[in-house]
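Chain residues, written in single-letter form:
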Amino acid sequence: MRSRGFGSFAAAALVAGAILWSFATTDVELSRILSSGPRIANFLGRMFPPDTSVMQEIIKGSAETMRIAILGTLGAVLLSVPLGLLASETMAPPASYRPIRTLLAFIRAIPLILVAMLMVGAVGLGPLPGIIAIAFHATGMLAKFYAEAIDGVSPAPLAALESAGAGPFARLRYAIWPQMAPVVARDTIFRFELNLRESLILGVVGAGGIGFYIQTYVRSFQYDKAASVTLAVVVMVVAIEGVNVVLRRRFS
Amino acid sequence: MTVATQIDDVSFVHSGGDTRALEHVSLSVQAGEIVALLGPSGAGKTTFLTLLDGRLRDWRGRVSVLGTPLDPDHPPLRAGRPDIGFVFQEFALVERSTVLRNVLNGRLGRMSPLRAVFGAPDARDLRVARDALADCGIADLADRRVDSLSGGQRQRVAIARCLAQEPRLILADEPVSSLDPTRAAEILTLLTQAARARGATVLFSSHQPDLARRFAQRVVGMRDGRIAFDVPTSGLSEDATADLYRDAAQMPAIGLRAVI
């Protein structure tokens with residue numbers, strides 16, 4: 001009992017210490033906090049009314065974002081098929097699926113924006129680093145999902161086809177694939193939707209797409225134009241969410 | 001009369017999984033016979049049927065199925081597999097495929113490898129599949145997906161898939177244990193009738209003595225991986241059946257016995 005009381009006291013002290021340390025070492029003064037209200041109001045005021053003359057840029061940027069998401073997803077699928085097979089417990093030996101699963105977890109742990117920044121450094125500005133970053137980042141999740149789809153196949157129909165004398169390819173096509181296909185389709189569409197959403201902001205680090213215009217307009221103090229682009233992004237995210245809801249209903 | 005299966009002194013030591021042990025099992029089944037394997041769960045019925053289907057390894061003894069000896073170290077040649085049909089307790093159907101597709105899956109071993117992979121059944125494959133569906137009373141369900149069917153309908157599909165193989169020997173592992181009594185009798189009626197019409201031998205397992213008595217010509221009692229009795233159905237006594245299930249409730253798992 002005493003040790004438990006000491007434990008909660010130590011935890012409370014640790015949390016309090018962490019908060020005090022953050023305040024003490026960050027440049028947060030009371031006057032700045034108080035004055036930030038009017039400043040934010042001023043900033044928002046300069047965003048209105050949104051400048052709708054940037055429609056061309058919005059369409060161009062959205063189309064590029066769409067292309068990045070499509071090609072990035074394609075790249076992720078191409079990488080995930082072999083990696084998913086190698087990461088599956090039913091298709092690969094432990095010497096294969098254990099390290100591959102660790103690698104995939106490592107890839108998932110790296111934030112997309114970081115990968116995009118590194119890729120901009122490596123291959124230069126434009127949509128190409130965005131596509132590479134999306135393909136790399138999405139593979140961490142998609143290959144894991146593919147492996148789970150393979151491992152989720154019920155073995156009973158496989159035994160039945162083996163008993164009937166079906167060869168390995170016929171078994172793959174008529175017992176394994178019909179069980180896997182809906183899962184693979186659902187996971188791929190889900191990942192495409194995530195890719196589209198995440199690639200909206202890739203332009204902020206120079207990796208192409210509509211985010212590039214937000215960055216450009218904010219840096220050049222054209223807040224009314226930035227507001228239009230931001231609104232367009234919000235509309236697209238809501239639209240993607242709507243499509244997602246419909247698709248989820250279809251695949252559940 | 002020709003012998004459908006000849007089993008001499010077969011033993012199997014279970015290797016930790018779900019499979020039960022077999023101890024010195026010998027049995028001879030004549031072509032065209034309908035034989036029930038009766039016994040409590042854990043008696044080794046599934047192990048025995050799986051062995052005859054050529055899907056078990058590392059057993060000892062001599063087994064000949066439809067005139068072909070089984071090799072405990074190698075799976076049987078694919079060419080012989082369609083001759084032996086297997087009906088699974090839990091149906092083992094591809095849930096998202098249609099009824100017809102599942103029944104055609106039973107033809108895969110009879111098709112040329114190319115036809116099998118490209119999913120191009122010929123006229124004969126389709127006719128055999130349709131006949132099997134009609135015999136199982138589910139011709140009208142051909143285009144339905146299996147996951148929309150009831151348990152009784154699913155077992156009809158599984159039997160139709162087995163019949164589509166044109167088997168000479170049908171092994172049925174507790175084919176009706178997951179169905180209610182009315183459904184169970186219906187399924188066993190159509191299975192035994194279809195087998196008789198085709199001249200196929202049937203070996204089905206059950207833990208229900210009344211089903212064995214009603215549908216088989218011969219009853220083989222199994223307990224603890226051994227054959228306890230082997231009698232014509234008319235000679236099946238209440239005592240022998242009761243003996244089979246004696247202590248069945250408190251009988252320890254075979255795995256425990258093996259440890260001791």
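Values in this document were obtained by computation on a predicted structure and should not be read as measured data.

J.: Would you explain the overall build of chain B in this entry?
T.: Secondary structure summary: chain B contains 9 helices and 10 strands in total. Against the 2.2 N^0.38 benchmark of 18 Å for 260 residues, chain B shows a C-alpha radius of gyration of 18 Å, consistent with a compact globule. Relative to its full complement of 260 residues, chain B shows a buried share of 46%.

J.: It is not clear to me how the overall build of chain A should be interpreted in this structure. Could you clarify?
T.: Secondary structure assignment for chain A yields 10 helices and 0 strands. Against the globule reference of 18 Å for 252 residues, chain A gives a C-alpha radius of gyration of 25 Å, more extended than a compact globule. Principal axes of the C-alpha set define a box for chain A whose edges measure 80 × 70 × 40 Å. Residue burial in chain A is summarised as follows: out of 252 residues, 35% are buried. Sequence separation of at least 24 residues holds for 71% of the intrachain contacts in chain A that already meet a minimum separation of 6.

J.: Would you mind showing me how to read the interface of chain A and chain B here?
T.: Note on interface size: it is often stated as the accessible area lost on association of the parts. If you look at the interface, chain A gives 19 residues, while chain B gives 21 residues. Here the side of chain A that touches chain B gets 8 residues from one element, more than from any other, and that element is helix 8 (residues 168-199) of chain A. Across the side of chain A that touches chain B, the residue classes break down as 13 nonpolar, 4 polar and 2 charged.

J.: Teacher, can you tell me more about the packing of helix 4 (residues 94-109) of chain A against helix 6 (residues 127-151) of chain A here?
T.: All names here are of chain A. Where helix 4 contacts helix 6, the two axes come as close as 8 Å, and the packing angle between them is 135°. Taken together, helix 4 and helix 6 sit at an angle that is classed as oblique. The handedness of the crossing between helix 4 and helix 6 comes out as left-handed. In this structure, helix 4 uses Leu104, Ile107 and Arg108 to contact helix 6, whose residues at the interface are Phe136, Thr139, Gly140, Met141, Ala143 and Lys144. Its residues assigned to classes, the contact of helix 4 with helix 6 shows 5 nonpolar, 2 polar and 2 charged.

J.: Looking at this structure, how should I read the nonpolar core?
T.: In summary, soluble globular proteins display a tendency toward joint burial of nonpolar side chains. Judged by nonpolar contacts, the single largest core of 131 residues is most densely connected at Ala133(A), Val229(A), Ala36(B), Val103(B), Ala160(B) and Val202(B). Tallying contributions element by element places helix 6 of chain A first for this core, with 13 residues. Look past the residues within four positions of Val202(B) in its chain and what remains in contact with it is Ile34(B), Val35(B), Ile170(B), Ala172(B), Leu191(B), Thr192(B) and Ala195(B).

J.: When you look at the sheet that holds strand 4 (residues 60-65) of chain B in this model, what are you seeing that I'm missing?
T.: Paired through their backbone hydrogen bonds, the strands of a sheet run either parallel or antiparallel. Residue and element names in this part refer to chain B. Across the sheet, which stays open at both edges, the 4 strands sit in the order 2-1-4-5 with antiparallel pairing between neighbours. For this open sheet the edge positions go to strand 2 (22-30) and strand 5 (68-69), each flanked by a neighbour on one side alone. Examined bridge by bridge, strand 1 (residues 3-12) and strand 4 share 5 bridges and lie antiparallel to one another. Bridge pairing links Ser11 to Arg60 in strand 4.

Rules used in this analysis
- Residue indices begin from 1 for each chain and proceed along its sequence in written order.
- Note on labels: chains are lettered from A, ligands numbered from 1, in written order.
- Note on the predicted model: pLDDT of at least 70 is required for a residue's local features to be given, and 80 or more for side-chain atom pairs to be given and counted; whole-chain, interface and lining totals, by contrast, use all residues.
- What counts as a helix is a DSSP run of H or I of at least four residues, what counts as a strand is a run of E of at least two, and both are numbered from the N terminus.
- Within these notes, the globule rule equals 2.2 Å times the number of residues to the 0.38 power, and the radius of gyration is based on C-alpha atoms.
- Exposure classes come from backbone-placed C-beta atoms, where a residue is buried if 20 or more other C-beta atoms lie within 10 Å of its own, exposed if 12 or fewer do, and partly exposed in between.
- With C-beta atoms placed from the backbone, a contact is any residue pair whose C-beta atoms sit within 7 Å.
- When residues are grouped by polarity, Ala, Val, Leu, Ile, Met, Phe, Trp, Tyr, Cys and Pro land in nonpolar, Asp, Glu, Lys and Arg in charged, and all others, Gly among them, in polar.
- Only the stretch in contact is used when fitting a helix axis, every axis being a line fitted to C-alpha atoms; angles between N-to-C directions are given from 0 to 180 degrees.
- Roughly parallel covers angles under 35 degrees, roughly antiparallel covers those over 145, roughly perpendicular covers 65 to 115, and oblique covers all other angles.
- Left-handed is the label given to a crossing in which the near helix is rotated counterclockwise from the far helix by less than a right angle, and right-handed is the label when the rotation is clockwise.
- Here a nonpolar core is just a set of buried residues of the types Ala, Val, Leu, Ile, Met, Phe, Trp, Tyr and Cys, joined wherever their C-beta atoms sit within 7 Å.
- At least two bridges found by DSSP between two strands is the condition for calling them paired.

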